[in-house]
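What the coordinates show
So the chains spell out like this:
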There are 2 protein chains.
Amino acid sequence: MKFSKIPEATITRLSNYSRNLEELLSENINVISSEKLATRCGVNSAQIRKDLAYFGEFGVRGVGYYVQNLLFEIKRILGLNKEWNLGLVGIGNLGSALIAHENFLRQGYHFVAAFDNDPVKIGKKLPNGVKVENIDNLEEVKKRENIEIGVVSTSAGTAQAIVNRLIKADIRAIINFAPVQIKVPPGFRVENVDFTVKLDSLAYHLTSEED
Amino acid sequence: MKFSKIPEATITRLSNYSRNLEELLSENINVISSEKLATRCGVNSAQIRKDLAYFGEFGVRGVGYYVQNLLFEIKRILGLNKEWNLGLVGIGNLGSALIAHENFLRQGYHFVAAFDNDPVKIGKKLPNGVKVENIDNLEEVKKRENIEIGVVSTSAGTAQAIVNRLIKADIRAIINFAPVQIKVPPGFRVENVDFTVKLDSLAYHLTSEED
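The structure presented is a predicted model; accordingly, all values stated were derived computationally and were not measured.

What counts and how
- Residues numbered from 1 in each chain as written.
- Chains lettered and ligands numbered in written order.
- Predicted model: local features only at pLDDT ≥ 70, side-chain atom pairs only at ≥ 80, totals over all residues.
- Heavy atoms only, no water.
- Pairing = 2+ DSSP bridges.
- Helix = DSSP H or I, 4+ residues; strand = E, 2+ residues; numbered from the N terminus.
- Axes fitted to C-alpha atoms, helices over the stretch in contact; angles between N-to-C directions.
- Polar contact = N/O pair within 3.5 Å; in protein donor to acceptor, adjacent residues only side chain to side chain.
- Contact = heavy atoms within 4.5 Å.
- Least-squares fit on C-alpha atoms with pLDDT ≥ 70 in both.
- Buried < 20%, exposed > 50% of the residue type's maximum accessible area, 1.4 Å probe, protein only.

**What to know about the sheet that holds strand β3 (residues 84–89) of chain B**
Residue and element names in this part refer to chain B. Pairing within the open sheet is parallel, and its six strands lie in the order β5-β4-β3-β6-β7-β8. Each edge of the open sheet carries a strand with a single partner, namely β5 (132–134) and β8 (189–192). Averaged over all adjacent pairs, the angle separating strand axes in this sheet is 25°, with direction ignored. Pairing of β3 with strand β6 (residues 149–152) involves four bridges; the strand directions are parallel. Residue pairing for β6: Leu86 is matched across the bridge by Ile149.

**Structural notes on the side chain of Thr154 of chain B**
All names here are of chain B. Following the sequence through the fold, Thr154 ends up in the loop between β6 and α8 (156–168). A distance of 3.5 Å separates a polar atom in the side chain of Thr154 from the backbone nitrogen of Ala159. In this structure Thr154 touches Val89, Gly90, Ala159, Ile162 and Ala178, once residues within four positions along its chain are discounted.

**Quick word on the relation of the copies chain A and chain B**
If you rotate chain A by 180° and push it 0.0 Å along the axis, it lands on chain B with an RMSD of 0.0 Å. Within this description, the copies of the chain are treated as partners about a two-fold rotation axis. Within chain A, Asn93 of chain A has its C-alpha nearest the rotation axis, a separation of 2.4 Å. Here 100% of the interface residues in chain A have copies in chain B that are interface residues too; the copies meet face to matching face.

**Digging into the environment of Ala161 of chain A**
Tracing the backbone through its elements, the reader meets Ala161 of chain A in helix α8 (residues 156–168). Counting along the chain gives 21 residues from Ala161 of chain A to Ile182 of chain A, while the straight-line C-alpha distance between them is 9.6 Å.

**With respect to unusual backbone geometry**
All names here are of chain A. Even without a glycine there, the phi angle at Asn28 is positive, about 60°. In this fold, Asn28 is placed in the loop between α1 (8–26) and β1 (31–32). Asn28 sits in the exposed class, given a relative accessible area of 64%. Residue Asn146 is not a glycine yet carries a positive backbone phi of 55°. For Asn146, the location among the structural elements is in the loop between α7 (138–145) and β6 (149–152). The exposure class of Asn146 is partly exposed, given its relative accessible area of 44%.

Taken by themselves, the reported measurements are silent on function.
What follows is the structure, encoded as structure tokens:
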């Protein structure tokens, strides 16, 4: 099955729906109207229906959505009915913070390997039990630990070279936290994380409310 | 002037357009067709026109967009024709990484203050020259440094209590990096950063391409 026509924005909204459905479950809410779910997710109910319609029919007329069912289906769609193995490159402040951040594990993302080129860091055990490996051992560790997604938290100047090595090791999906736009060849995917985009939204609202 | 009907997704896309226009400028590209700009931004050209139409008419028929003009206008719309003062709370690994991250300064966001409650950290000077203050001095430092946006990088368990203090100090916009959904009262805004949303997109593509 291929879903090649699905807009990226739909995928991002599915993530948002799944986060909110998880919260509902933890609040012991088992059924929710499409309007209430929409309000909670910050969209309108037509948007939710349209996003879900790419994948099937999930609502129940006159009822809304069964929370657990819809969460299960969205996780299946997103590929989150399995756990994913992450390999982190760059064990500075940001890398250390990422590996300790509770959200990854909660959402099914496991840091199974960590790499650096600093002899002081190589061989050290991180709080999650993973030992820092020499980046030169990337291909070997990738196979041993079955790394599926690369996480780059190096400096901007190093990031593209590291990504090129991840690609050479056939790690097909990469998330980049270095402040530089990374390019990958066809068949590979990169998501560049830019913390400042959310600040722009705050700046916009602070500005337009002051006027 | 109020733009209360502007969708949040439009604001996020304007950020994306401005990042791409900055890159074009740095590549000495001064004029770009709406189609080329759209491809570069990962949207279609109708979307760009629709987003910009909320604010005015910026394209030139038969030409496209003048890069510098459009960048200037988008920055004005987003409120980025001024610099914004950030106050960081929580000087752990993540906080230290955020304060050192080059993107903030590049996009006009200045960390002017930093807070913690750890006596070992209070009084220390950070690499950007800012001294770590006792969180108990929040209101005083907020006024002195004119903090406009609060940045929360505490643990999940502490984040809401810290946000409540930021609100009490009348900091009206907050970006939260702790792995917990933060709520704020009307008149305040919070953006919760969840690193794992971008991973969900990678997981989706890894899954759907395998099928």
